[in-house]
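Below, each chain spelled out in residue letters.
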Amino acid sequence: MRLKRLLMFAIGSAFLLTSAGKPVAIANEINKINENVTQKVMRLVNSVSDEEDTEDPEEILIRAIEDYKEEFDSYIDITGLNVDVKESITLPEFDINYVAPTYAEVMHEYQLNLEASLTATQLMRYDDLRRADFNFDKYVALNQNKYLDLTVPPKYEHVTTMAVVTTALVGMLSSAGLTQAAISAFTGAVSTLSAAISTSWIPFIGWALAVGLATGALIALTVIIVQYWDEICSVINDIKNWFLEQFSAFADLINSFLMMQKPKSKNLQMRGQ
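Predicted model only: the values in this text are computed from it and were never measured. (Residues numbered from 1 in each chain as written. Predicted model: local features only at pLDDT ≥ 70, side-chain atom pairs only at ≥ 80, totals over all residues. Heavy atoms only, no water.)

1. Notes on the packing of aromatic side chains
Right, on to step 1. This structure, assessed with the given rule, holds 11 aromatic pairs.
Right, on to step 2. Look at Tyr 68 and Phe 72: their rings are 5.6 Å apart centre to centre, the planes differ by 55°, and that puts the pair in the tilted class. Highlighted residues: Tyr 68 and Phe 72, both in helix 3 (residues 57–75), separated by 4 residues, approximately one helical turn. The same class applies to Tyr 68 as to Phe 72, namely buried.
Right, on to step 3. The ring of Trp 207 has Arg 63 sitting right over it, with the charged end atom 4.8 Å from the ring centre. (Phe/Tyr/Trp six-rings, centres within 6.5 Å; stacked < 30°, edge-to-face > 60°. Helix = DSSP H or I, 4+ residues; strand = E, 2+ residues; numbered from the N terminus. Buried < 20%, exposed > 50% of the residue type's maximum accessible area, 1.4 Å probe, protein only. Lys NZ or Arg CZ within 6 Å of the ring centre and 35° of its normal.)

Following this line, the structure appears as structure tokens:
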């Protein structure tokens, strides 16, 4: 926002200072002022750009969590999602006839929106990441077909095709009774989050794309937790501990994100009451 205001200030200043009909002497003086104003504005713009551009994984995750909080409700309304007697809900503007999209539909829509928002350079980096990382390539392919066919091949051939770090997580989700499709969606989101805040990948894909990928992963994880709460609640503490261990460098941020799920889960705990 600061960058936009500075650019608008530069444009406005140029317009006012170069209005037609000025005497030559005044026009020459205005040109000097214009040059001075432009130099100062560009210095400010560059300093703001430096603040916005980052390769700090923690900053990437901070921005992703903020974007998650702003965007989540535009993809799904979880108010009373798993409440059996919806007539008991008296919240203002609650739509009793609302049908929530599935996690697969949310992930599909977010991916489409993300890809549509990318510049040509970012799209190239997005595709390069698919070429380099099997897990992300498979994640994109599954999001595209909404997890209807888990055997869909990734876009590129890969030597490494297994995410070893998620093996324990798969065991937890399987023991909780999640479907194979939901497990694939969950672990794919985790792998994408890991890539997005990796010091190896951030310089490769750029901070803006990293934030976008992390935001989508956080949205996906929350939707899956919400929609499978009855199953996941039995292993939620194990999942939290796993996240804190795997992302220990971001423990405080990961914990704050996981804590955000508590208010959302309260709606689910109303089941049967």
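So that's the structure; there's more coming.
2. Some points on helix 4 (residues 103–117)
Right, on to step 1. Here helix 4 spans 21 Å end to end across 15 residues, near enough to the 21 Å set by a 1.5 Å rise per residue.
Right, on to step 2. Listed as buried for helix 4 are Tyr 103, Ala 104, Val 106, Met 107, His 108, Tyr 110, Gln 111, Leu 114 and Glu 115.
Right, on to step 3. Lining the buried residues of helix 4 we find helix 3, helix 5 (120–132), helix 6 (134–144), helix 8 (180–196) and helix 10 (207–227). (Expected span 1.5 Å × (residues − 1). Contact = heavy atoms within 4.5 Å.)

3. Notes on the environment of Glu 109
Right, on to step 1. Note that Glu 109 resides in helix 4.
Right, on to step 2. Sequence separation between Glu 109 and Gly 216 is 107 residues; the distance between their C-alpha atoms is 9.9 Å.

4. Quick look at the confidence of the model for the protein
Right, on to step 1. In the predicted model, the protein carries a mean pLDDT of 79, and the fraction of residues at 70 or more is 73%.
Right, on to step 2. Ranking the elements of the protein by mean pLDDT puts helix 1 (residues 2–17) last, at 40, and helix 4 first, at 98.
Right, on to step 3. Segment residues 1–51 is flagged for pLDDT under 50; beyond a separation of four residues in sequence, or across chains, it makes 24 contacts in the model. (pLDDT = per-residue confidence, 0-100.)

5. Focus: the pattern of salt bridges
Oppositely charged side chains may form a pair once their charged atoms are brought near each other.
Right, on to step 1. For the coordinates displayed, the defined rule picks out 6 salt bridges.
Right, on to step 2. Across the pair Glu 59 and Arg 63 runs a salt bridge, and its minimum N-O distance is 2.8 Å. Residue Glu 59 and its partner Arg 63 are located together in helix 3, separated by 4 residues, close to a single helical turn.
Right, on to step 3. For Arg 63, a relative accessible area of 18% puts it in the buried group.
Right, on to step 4. Salt-bridge contacts for Glu 66 lead to Lys 69; the nearest nitrogen and oxygen are separated by 3.0 Å. (Salt bridge = Lys/Arg side-chain N within 4 Å of Asp/Glu carboxyl O.)

6. Describing unusual backbone geometry
Right, on to step 1. Of note in the backbone geometry, Lys 146 takes a positive phi value of approximately 55° without being a glycine.
Right, on to step 2. When its relative accessible area of 33% is taken as the criterion, Lys 146 is described as partly exposed.
Right, on to step 3. Positive phi outside glycine occurs at Tyr 147, with the angle close to 60°.

7. A look at the side chain of Thr 54
Right, on to step 1. Structurally, Thr 54 is set in the loop between helix 2 (24–52) and helix 3.
Right, on to step 2. Note on Thr 54: relative accessible area 12%, which makes it buried.
Right, on to step 3. Residues within four places of Thr 54 in sequence aside, it is in contact with Glu 59, Ile 60, Arg 63, Ile 202 and Trp 207.

8. Some points on the environment of Val 226
Right, on to step 1. By the element assignment, Val 226 lies in helix 10.
Right, on to step 2. Its relative accessible area of 2% is what places Val 226 among the buried residues.

9. Overview of the packing of helix 3 against helix 10
Right, on to step 1. Contact geometry of helix 3 with helix 10 gives a least axis separation of 8 Å together with a crossing angle of 50°. Viewed along their axes, helix 3 and helix 10 adopt a mutual orientation that is oblique. The two elements helix 3 and helix 10 cross, and the hand of that crossing is right-handed. On the side of helix 3, the interface is formed by Ile 60, Arg 63, Ala 64, Ile 65, Asp 67, Tyr 68, Glu 71, Phe 72 and Tyr 75, while helix 10 contributes Trp 207, Ala 210, Val 211, Ala 214, Thr 215, Leu 218, Ile 219, Thr 222 and Val 223.
Right, on to step 2. Of the residues in the contact of helix 3 with helix 10, the class split is 13 nonpolar, 2 polar and 3 charged. (Axes fitted to C-alpha atoms, helices over the stretch in contact; angles between N-to-C directions. Parallel < 35°, antiparallel > 145°, perpendicular 65-115°, else oblique. Left-handed = near helix turned anticlockwise from the far one by under 90°. Nonpolar A, V, L, I, M, F, W, Y, C, P; charged D, E, K, R; others polar.)

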